[in-house]
Amino acid sequence: MKKLPFIQKISIALIMIFGLIGVFSLNSCAPTSAIAGKSGVQLWGENCQRCHNTPSPMTFSPEQWETIGLHMQSRALLTQDEKNKIIDFLKSSR
Amino acid sequence: MKNSFLFKSLVLIFVIIIITASRTKLNAQTQNVTDSALSERVAALELQANYNKPGDDHLLVVGLATFGFVSSKTTNTIDGISTISKSNGFPDADHFEFSPMFLWRHGTKFLMEFEPSFSNNGLGVNWADISYFAAPNLIIRAGYLVVPFGTYSKRLAAGWINKLATDPMGVADMAPADYGIEVAGGLPLGTMKMNYDFALTNSMNLNSDGTLSSGSLGDVNNNKSFTGRLGILPFSNSTLELGVSGMFGKVGTPGTAFANAKGQAYAFDLNYVNTIHPFLVNIKAQHNIQNISDVNYISPVDSTSTYTFTNHSTATFIQCSLRPTTANNFLHDIELAGRYTEYNTPSNSTWGSDQHSYSIGLNYWLSWRSVVRLTYESYTGNSTAPKALDAYTGKTIKNSWYLQFAIQL
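Residues numbered from 1 in each chain as written. Chains lettered and ligands numbered in written order. Predicted model: local features only at pLDDT ≥ 70, side-chain atom pairs only at ≥ 80, totals over all residues.

Visitor: Just checking my understanding: could you explain the overall build of chain A for this structure?
Guide: Within chain A one finds five helices and zero strands. Reading chain A from its N end, one meets helices and strands in the order α-α-α-α-α. Expressed as a percentage of its 94 residues, the buried residues of chain A come to 30%. Long-range contacts, defined here as pairs at least 24 residues apart, represent 68% of the contacts in chain A between residues at least 6 apart. (Helix = DSSP H or I, 4+ residues; strand = E, 2+ residues; numbered from the N terminus. Buried ≥ 20, exposed ≤ 12 C-beta atoms within 10 Å, placed from the backbone. Contact = placed C-beta atoms within 7 Å.)

Visitor: What's the story with the interface of chain B and chain A in this structure? I'm lost.
Guide: Size of an interface, as often reported, equals the accessible area lost when the parts are brought together. Contact residues are listed per partner, giving 45 residues for chain B and 36 residues for chain A. Element by element, the count of residues in the side of chain B that touches chain A is highest for strand β7 (residues 177–189) of chain B, at seven residues. Class assignment for the residues of the side of chain B that touches chain A results in 22 nonpolar, 13 polar and ten charged. (Nonpolar A, V, L, I, M, F, W, Y, C, P; charged D, E, K, R; others polar.)

Visitor: For this particular structure, what's the right way to read the nonpolar core?
Guide: All names here are of chain B. Ranked by internal contacts, the top residues of the largest apolar core, which has 46 residues, are Val147, Phe149, Val171, Met174 and Ala175. When neighbours within four sequence positions are excluded, Phe149 is seen to be in contact with Met174, Ala175, Thr227, Arg229, Ser245, Met247, Ala265 and Ala267. Membership of the second largest hydrophobic core comes to six residues, among which are Met204, Phe258, Ala261 and Ile292. (Core = buried A, V, L, I, M, F, W, Y, C linked by C-beta atoms within 7 Å.)

Visitor: Please explain the packing of helix α3 (residues 40–47) of chain A against helix α5 (residues 80–92) of chain A as it appears in this structure.
Guide: All names here are of chain A. It is at 8 Å that the axes of α3 and α5 come closest, and there the two elements cross at 105°. Classed by the angle they form, the pair α3 and α5 counts as roughly perpendicular. When α3 is examined against α5, the residues Gly40, Val41, Leu43, Trp44 and Asn47 are found in contact with a partner set consisting of Glu82, Lys85, Ile86, Asp88, Phe89 and Leu90. Its residues placed into classes, the contact of α3 with α5 shows six nonpolar, two polar and three charged. (Axes fitted to C-alpha atoms, helices over the stretch in contact; angles between N-to-C directions. Parallel < 35°, antiparallel > 145°, perpendicular 65-115°, else oblique.)

Visitor: Looking at this structure, how should I read the confidence of the model for chain B?
Guide: Segments scoring low in pLDDT should not have their predicted coordinates read at a detailed level. Residue and element names in this part refer to chain B. Averaged over all residues, the pLDDT of chain B equals 90, while 93% of them reach at least 70. Mean pLDDT per element in chain B: helix α1 (residues 2–52) is the minimum at 74, and strand β18 (residues 334–345) is the maximum at 98. Scoring the predicted complex yields pTM 0.85 and, for the interface, ipTM 0.84. (pLDDT = per-residue confidence, 0-100.)

Visitor: How should I be thinking about the pairing of strand β3 (residues 97–106) of chain B in this particular structure?
Guide: Side-chain direction in a regular strand flips from residue to residue, so the side chains alternate between the two faces of the sheet. Residues and elements named next belong to chain B. Across the two faces of β3 the burial differs, with Glu97, Ser99, Met101, Leu103 and Arg105 buried and Phe98, Pro100, Phe102, Trp104 and His106 not buried at all. Summarising the sheet, strand β1 (residues 57–78) and β3 pair through ten bridges and their orientation is antiparallel. Looking at the pairing, Val62 lines up with Met101 of β3. What sits between β3 and strand β4 (residues 110–119) in their antiparallel hairpin is a turn of three residues, with Gly107 showing a positive phi close to 65°. (Pairing = 2+ DSSP bridges.)

Visitor: Explain α3 of chain A to me, please; I cannot follow it from the model alone.
Guide: Owing to its 3.6 residues per turn, the α-helix aligns residues three or four sequence positions apart on the same side. Taken residue by residue, α3 of chain A has Leu43, Trp44, Glu46 and Asn47 of chain A as its buried positions. Packing partners of the buried residues in α3 of chain A comprise α4 (62–76) and α5 of chain A.

Visitor: How do you make sense of the environment of Gly249 of chain B when you look at a structure like this?
Guide: Residue and element names in this part refer to chain B. Considering the arrangement of structural elements, one finds Gly249 in strand β12 (residues 240–250). Once the C-alpha coordinates of Gly249 and Trp368 are considered, the two residues, 119 residues apart in sequence, prove to be 40 Å apart. In this structure, Gly249 is in contact with Ser203, Asn223, Lys224, Ser225, Phe226 and Gly263, ignoring residues within four places of it in sequence.

Visitor: Looking at this structure, how should I read unusual backbone geometry?
Guide: Trans is the common state for peptide bonds, and a negative phi is the common state for residues other than glycine. All names here are of chain B. Between His277 and the following residue, Pro278, the backbone shows a cis peptide bond with an omega angle of 15°. Positionally, Pro278 belongs in the loop between β13 (262–276) and β14 (279–292). At Ser238, a position not held by glycine, the phi torsion is positive, near 60°. Checked against the element boundaries, Ser238 lands in the loop between β11 (225–233) and β12. Phi at Asp390 takes a positive value of approximately 55°, unusual for a residue other than glycine. When you line up the elements, Asp390 lands in the loop between β20 (370–383) and β21 (395–408).

Visitor: Got a minute to help me understand α4 of chain A in this structure?
Guide: Residue and element names in this part refer to chain A. Across its 15 residues, α4 extends 20 Å between first and last C-alpha, which sits within 8% of the 21 Å expected from 1.5 Å per residue. Taken as a whole, α4 has its buried residues at Trp65, Thr67, Ile68, Gly69, Leu70, Met72, Gln73, Ser74 and Ala76. Leu77 occupies a position one or two residues after α4 and carries a positive phi of about 55°. (Expected span 1.5 Å × (residues − 1).)

Visitor: Could you clarify how one ought to interpret the environment of Leu403 of chain B in this entry?
Guide: Residue and element names in this part refer to chain B. With respect to the helices and strands, Leu403 occurs in strand β21. For Leu403, a count of 15 C-beta atoms within 10 Å corresponds to the partly exposed category. A sequence separation of 40 residues divides Leu403 from Asn363, and the C-alpha atoms of the two residues are 9.9 Å apart. In this structure, Leu403 is in contact with Gly68, Phe69 and Leu374, ignoring residues within four places of it in sequence.

Visitor: For this particular structure, what's the right way to read the pairing of strand β5 (residues 122–135) of chain B?
Guide: Residue and element names in this part refer to chain B. Note that β4 and β5 share ten bridges and pair antiparallel. Paired with Glu115 across the two strands is Trp127, which belongs to β5. The antiparallel pairing of β4 with β5 creates a hairpin that spans two residues between the two strands. Between the end of β5 and the start of strand β6 (residues 138–146), which pair antiparallel, lie two residues.

Written as structure tokens, this is what we have:
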């Protein structure tokens, strides 16, 4: 059997990965209404402490919380909805 | 008499007019001064408010610092002969670090993360990458990044997050930082959640003794390493996360005896955090397996001969910590942590060793992000390196006390 060139292997792998992610992103199981209805404070309590203590809302300014939100979304792999609700809660609780 | 009364009345009216006029003028002057000061203050506040209005870009400097003291007693035994050494010192490799982290957000779609780090290992860079938040649950990252292998290196290694003063042996070493691209995100899954993280990087390089190094700007073999992790949070309250990771790639340099050497590694991780009254229970575990192809290595004692070994390593840790949730203020800030770590490197290699350690610690949280911790660690290492290669180091027992302060800035 003829071996595929390296670049083709990489291309196929990337296509598969992005395809998989695309399928997940577009057709992922929607959260149940109970999950979708969770408040920011509840998500803050559940998710932050998975790695560290829950942060005080006073730690950062609203603008800073926006930046921290992106950082934590990429570290802890929060969903977009979770990140938005947690940051909204932290900004409004200062 | 009448004229005198008239005169007095006129004088009185004149005085009243004079006084009233002078007071009015004074009031007008005071009013003008007040109006002017108020206007200037309002103008300054407007300037300040405009300055603080959100723009497209935002730069934030955070980071961490860790500083501590360690006291150790080491007993090494080779062929029945023991030597004892003691050491006391402030910083040592794992236990001192100052790492500012620069987060530069460009709008709401781009984030640049750069974390230089000063430690006993010198001045280095933990990561330097750019993330593009392409879709609600899709992040594309490029640059110098921590590969997604297990969760310890990426999420738990920071001094103020770690529950004990030391890192678990070997666990972080198998998840290096490297140049490449990465796609990651979290996804809802009904009542559950999942997350994915895949990276394509330059790959690690096999060294002349069978160990691996990483982080080369250039790719030594024009092949790439693929690393991926899938995590699932099966409970709706996110208390449990289970993850599986794999890392695959060529690690040999063309033109050397290692040219076709490949590396494969797997990791399994667990994270459970839940309040079980009266404690917050925190359990973390990770098991790493690393295999490298069998190749012949040049003997360190005779460059004309070679030797080989099965290049198989494992690193495991399981950690549990308890923190009271309903106690008074002082006890509420106390946390008790324990960890078992095992790290086995290949028998018959020059760095072969079966190692394990027990760690127990008492943490006092000064705030949600600053902690003073006392850790006791007992380490045992049995060398499995061959005596024929002058690499056998016998049995080592090391008992250490750590007093450490860690903060997120």
